[in-house]
Amino acid sequence: FLNDTATTEIYTEQIVGSVRCVQETGSLITQLLGHSEAVISLCEVKKKNLIASGSDKGVIKLWNMQTMICQKTIEAHQGTIRCLIYTEENDRLISGGADKILKVWNLGDYTLISSLAGHEESVTGLIYSRREKKFISSSRDGAIRLWSAVNYEQQGFFKTGNGITSIAYIHSTKNLIVGDDTGSASLYKYSELSLIHISEPTRQAEISYAVFCLKKK
C-alpha cells in the first residue's frame, strides 16, 4: 500500500517472513527482518510513524519507519493474523485472526484492551470509519459485524449466504463491497448492513482481495 507520509514508498509482504520497502519503480529501499513465518497483513500507524505487520504465526510486529527497527513484538493470536486496522483517535490497533477473535491493542503501553468474540470462523477483513467511530469485521462464516470503536460493543449483524473473503469501504457513498468464496461481489449500505446489489460470479474462484479506487479527473 502507499504510505501517505512518503508516497514514493510501498510496503509489501514477502513469503519468507520479511517486509520489504520498495520504490514505486520497484527498487528496494530496505528489508525488515524478524518474522519467522509469512507476513499476511500490514497496517500503517500514522500517528507514530510505524508499520504493523501480522504473520501466519499470530505475531504482530511494530516497525519504526525512521530507524527501520522492530519496536515491539506482540504474541497476538493462535494462527494467522488476517487483518489489521489502526484507529488514530484513541491510538488503538485492532487485529483479526484465524482463531475467530478480534483483539484491541493499546499502542501506548502495548496492552490488550479487549477480545471480541462472535465470529464462528476465521476473521477475513476489517474496515474502519473514522467519521462514524465504528468498524466492521467479516468472516468465513458469512457474517458481517458492526462494532463501536469507542466501547467495542457489537452494534449490528448481518449474515450473508457465502463465506466472506474480502471487504472494502467506499467513503464517498458509505457503502461496503464484499467479496465471497463463490466469486461474487455484493454492495451493502454500511450503516444499516443492508444489501443494495449483488453481482453474478465473475470467476470460478473466490475473491481474495477487494479495494476501491478513486479516479482522478
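Up top is the structure these notes are about.
Parameters at a glance
Residues numbered from 1 in each chain as written. Predicted model: local features only at pLDDT ≥ 70, side-chain atom pairs only at ≥ 80, totals over all residues. Heavy atoms only, no water. Helix = DSSP H or I, 4+ residues; strand = E, 2+ residues; numbered from the N terminus. Contact = heavy atoms within 4.5 Å. Areas by Shrake-Rupley, 256 points an atom, 1.4 Å probe, with all protein chains shown as cover. Salt bridge = Lys/Arg side-chain N within 4 Å of Asp/Glu carboxyl O. Pairing = 2+ DSSP bridges. Core = buried A, V, L, I, M, F, W, Y, C linked by side-chain atoms within 4.5 Å. Buried < 20%, exposed > 50% of the residue type's maximum accessible area, 1.4 Å probe, protein only. Axes fitted to C-alpha atoms, helices over the stretch in contact; angles between N-to-C directions. Phe/Tyr/Trp six-rings, centres within 6.5 Å; stacked < 30°, edge-to-face > 60°. Polar contact = N/O pair within 3.5 Å; in protein donor to acceptor, adjacent residues only side chain to side chain.

1. Structural notes on the overall build of the protein chain
Item 1. Helices and strands together make up the secondary structure of the protein chain, namely zero helices and 20 strands.
Item 2. The contacts in the protein chain between residues at least 6 apart in sequence include a share of 34% that link residues at least 24 apart.
Item 3. Accessible surface computed for the protein chain: about 10,900 Å², of which carbon and sulfur atoms make up 49%.

2. What about the pattern of salt bridges?
Item 1. According to the stated counting rule, one finds two salt bridges in the structure shown.
Item 2. Of the charged contacts in the structure, one is a salt bridge between Asp 91 and Lys 48, with a shortest N-O distance of 2.9 Å. Taken together, the positions of Asp 91 in the loop between β9 (81–87) and β10 (92–97) and Lys 48 in the loop between β5 (39–45) and β6 (50–55) put the pair 43 residues apart, joining distant regions of the chain.
Item 3. When the shortest N-O distance is used, the salt bridge between Glu 89 and Arg 130 registers 2.5 Å.

3. Some words on the pairing of strand β16 (residues 154–159)
Item 1. Strand direction decides the pairing type here: strand β15 (residues 143–148) and β16, joined by five bridges, are antiparallel. Note that in β16 the partner of Ile 144 across the bridge is Phe 158.
Item 2. Linking β15 back to β16 in an antiparallel pair, the connection comprises five residues, with Tyr 152 at a positive phi of about 65°.

4. Focus on the nonpolar core
Item 1. If you look at the biggest cluster of nonpolar residues, it comprises 15 residues, and the most contacted ones within it are Ile 60, Leu 62 and Leu 93.
Item 2. Secondary structure elements with two or more residues in this core: β5, β6, β7 (59–64) and β9.
Item 3. In terms of residue count, β9 provides more of this core than any other element does, three residues in total.
Item 4. When neighbours within four sequence positions are excluded, Leu 93 is seen to be in contact with Cys 43, Ala 52, Ile 60, Leu 84, Ile 85, Tyr 86, Lys 103, Val 104, Trp 105 and Leu 107.

5. Topic: the sheet that holds strand β11 (residues 102–106)
Item 1. Taken in spatial order, the four strands line up as β9-β10-β11-β12 in an open sheet, and their pairing is antiparallel. The sheet is open, and its two borders are formed by β9 and β12 (111–116), each paired with just one other strand. Direction aside, the axes of adjacent strands within the sheet are offset by 20° on average.
Item 2. Bridge count for β10 against β11 is five bridges, and the pairing is antiparallel. The residue bridging Arg 92 from the neighbouring strand is Asn 106, located in β11.

6. Re the packing of aromatic side chains
Two aromatic rings are characterised by how far apart their centres lie and by the angle between their planes.
Item 1. As enumerated under the stated definition, the model contains two aromatic pairs in all.
Item 2. Relative to Tyr 152, the ring of Phe 135 lies with its centre 6.5 Å away and its plane at 55°, an arrangement referred to as tilted. Residue Phe 135 is located in strand β14 (residues 134–139), and its partner Tyr 152 is located in the loop between β15 and β16; the two are separated by 17 residues in the primary sequence. The pair formed by Phe 135 and Tyr 152 is uniform in burial state, with each residue classed as buried.
Item 3. Feature note: the residues Phe 135, Trp 147 and Tyr 152 constitute an aromatic cluster, connected by ring pairs.

7. Comments concerning the side chain of His 77
Item 1. Mapped onto the elements of the fold, His 77 is located in the loop between β8 (69–75) and β9.
Item 2. A polar contact of 2.7 Å, which involves the side chain of His 77, links it to the side chain of Ser 95.
Item 3. Residues contacting His 77, with those up to four places away along its chain left out, are Lys 57, Gly 58, Ser 95, Gly 96, Gly 97, Asp 99, Ile 101 and Lys 103.

8. Here's the deal with the sheet that holds β14
Item 1. The strand order across the open sheet formed by four strands is β13-β14-β15-β16, and the pairing between neighbours is antiparallel. The open sheet terminates on both sides in strands that have one partner only, identified here as β13 (123–129) and β16. Mean inter-strand twist for the sheet, computed between neighbouring axes without regard to direction, equals 15°.

9. Quick look at the pairing of β8
Item 1. Here β7 pairs with β8 via six bridges, running antiparallel. For Val 59, the partnering residue across the bridge sits in β8 and is Glu 75.
Item 2. With antiparallel pairing between neighbouring strands as the criterion, β7 and β8 make up a hairpin whose turn holds four residues, including Met 68 at a positive phi of roughly 60°.

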